[in-house]
Amino acid sequence: MEEIKKEKLDKNKKSEELKYEGTELEAKQVEIVEAYHNELAEQKEKYLRLYAEFENYKKMVQKEREELINYANEKFIKDLLPIIDNFELAVKHASGEDSSKWIENMKKGVDNTLKEILRILEKYGVKPIDSLGQPFNPEVHHAVTTVEVDDKEENIVVEELRKGYFYKDKLLRESLVAVSKKQKSKDGSLSHPSGVEN
């Protein structure tokens, strides 16, 4: 009987050891789960902070973009104000004088104003296209008419009806031009520069 009792005691000891080991394993699992839970909470907190910072950044960039769009032309407009001043001065000086002197002063004022406008436009990258006397170029010229001439080659710009402009390297507006063509002789054939008729 003692043997049976001893066996029972050994079985009880083993079950207690298993219970103890099971409790220890459960405690480790609980610790691991808590550690993961804490780490997850930290990561969530970091994510929320980062998300809030990104939202603030987006709002700031949007505000700066709107300001840039709203005030992009401010410097250009400010540079145009002296032109208004020139017109006002021309009108002021011309108002008390006789008509011939008024016309002369107005012409001088308009001429000065035109020079000022062209100077400001050039400052911002707007340049006129040099057309007069140049070969006709359909990329920058729009031929409105042709003019028969003897003293020029064919397809040469002989008159500029409206100036064209480049904005930096881009065509802003093409020039309206009159282009030369060979003058027809009396019998209807075109005259050649060498004097030989076709």
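Since this is a predicted model, take the numbers as computed values, not measurements.

1. Description of the packing of aromatic side chains
The geometry of an aromatic ring pair is captured by the separation of the ring centres together with the interplanar angle, meaning the angle of the planes. Applying the stated criterion across every chain yields a total of 2 aromatic pairs. Here Phe-76 and Tyr-124 contribute two aromatic rings whose centre-to-centre distance is 5.1 Å and whose plane-to-plane angle is 90 degrees, an arrangement assigned as edge-to-face. Placement of the pair is Phe-76 in helix α2 (residues 74–94) and Tyr-124 in the loop between α3 (99–123) and β1 (126–128), with a sequence separation of 48 residues. A residue is classified by how much of its surface remains accessible, and Phe-76, at 26% relative accessible area, is partly exposed. According to the relative accessible area criterion, Tyr-124 is partly exposed, its value standing at 23%.

2. Regarding the environment of Ile-83
Note that Ile-83 resides in helix α2. A relative accessible area of 6% places Ile-83 in the buried class. Distance from Ile-83 to Ile-117, taken between C-alpha atoms, is 6.9 Å for residues 34 residues apart in sequence. When residues no more than four places from it in sequence are discounted, the contact partners of Ile-83 are Thr-113, Glu-116, Ile-117 and Ile-120.

3. Details of the confidence of the model for the chain
Note that predicted coordinates carrying low pLDDT should not be read in detail. The pLDDT averaged across the chain works out to 80; a share of 77% of its residues lies at or above 70. Looking across the chain, the model is least confident in α2, with a mean pLDDT of 76, and most confident in strand β2 (residues 141–149), with 93. A low-confidence stretch, residues 191–198 (pLDDT under 50), is modelled with 11 contacts involving residues beyond four sequence positions or located in other chains.

4. Considering the sheet that holds strand β3 (residues 157–162)
Strand order in the open sheet formed by 3 strands is β2-β6-β3, with mixed pairing between adjacent strands. For this open sheet the edge positions go to β2 and β3, each flanked by a neighbour on one side alone. Within this sheet the neighbouring strands show an average axis-to-axis angle of 30 degrees, counted without direction. Two strands pair when backbone bridges link them, and β3 and strand β6 (residues 175–182) are joined in this way by 4 bridges, in the antiparallel orientation. Bridge pairing in β6 places Arg-162 opposite Leu-176.

5. Thoughts on the pairing of strand β5 (residues 170–173)
Pairing analysis gives 3 bridges linking strand β4 (residues 165–167) to β5, with the strands arranged antiparallel. The residue of β5 that forms the bridge with Tyr-167 is Lys-170. Joining the antiparallel neighbours β4 and β5 is a turn of 2 residues, in which Lys-168 adopts a positive phi near 60 degrees.

Rules behind the numbers
- Residues numbered from 1 in each chain as written.
- Predicted model: local features only at pLDDT ≥ 70, side-chain atom pairs only at ≥ 80, totals over all residues.
- Heavy atoms only, no water.
- Phe/Tyr/Trp six-rings, centres within 6.5 Å; stacked < 30°, edge-to-face > 60°.
- Helix = DSSP H or I, 4+ residues; strand = E, 2+ residues; numbered from the N terminus.
- Buried < 20%, exposed > 50% of the residue type's maximum accessible area, 1.4 Å probe, protein only.
- Contact = heavy atoms within 4.5 Å.
- pLDDT = per-residue confidence, 0-100.
- Pairing = 2+ DSSP bridges.
- Axes fitted to C-alpha atoms, helices over the stretch in contact; angles between N-to-C directions.

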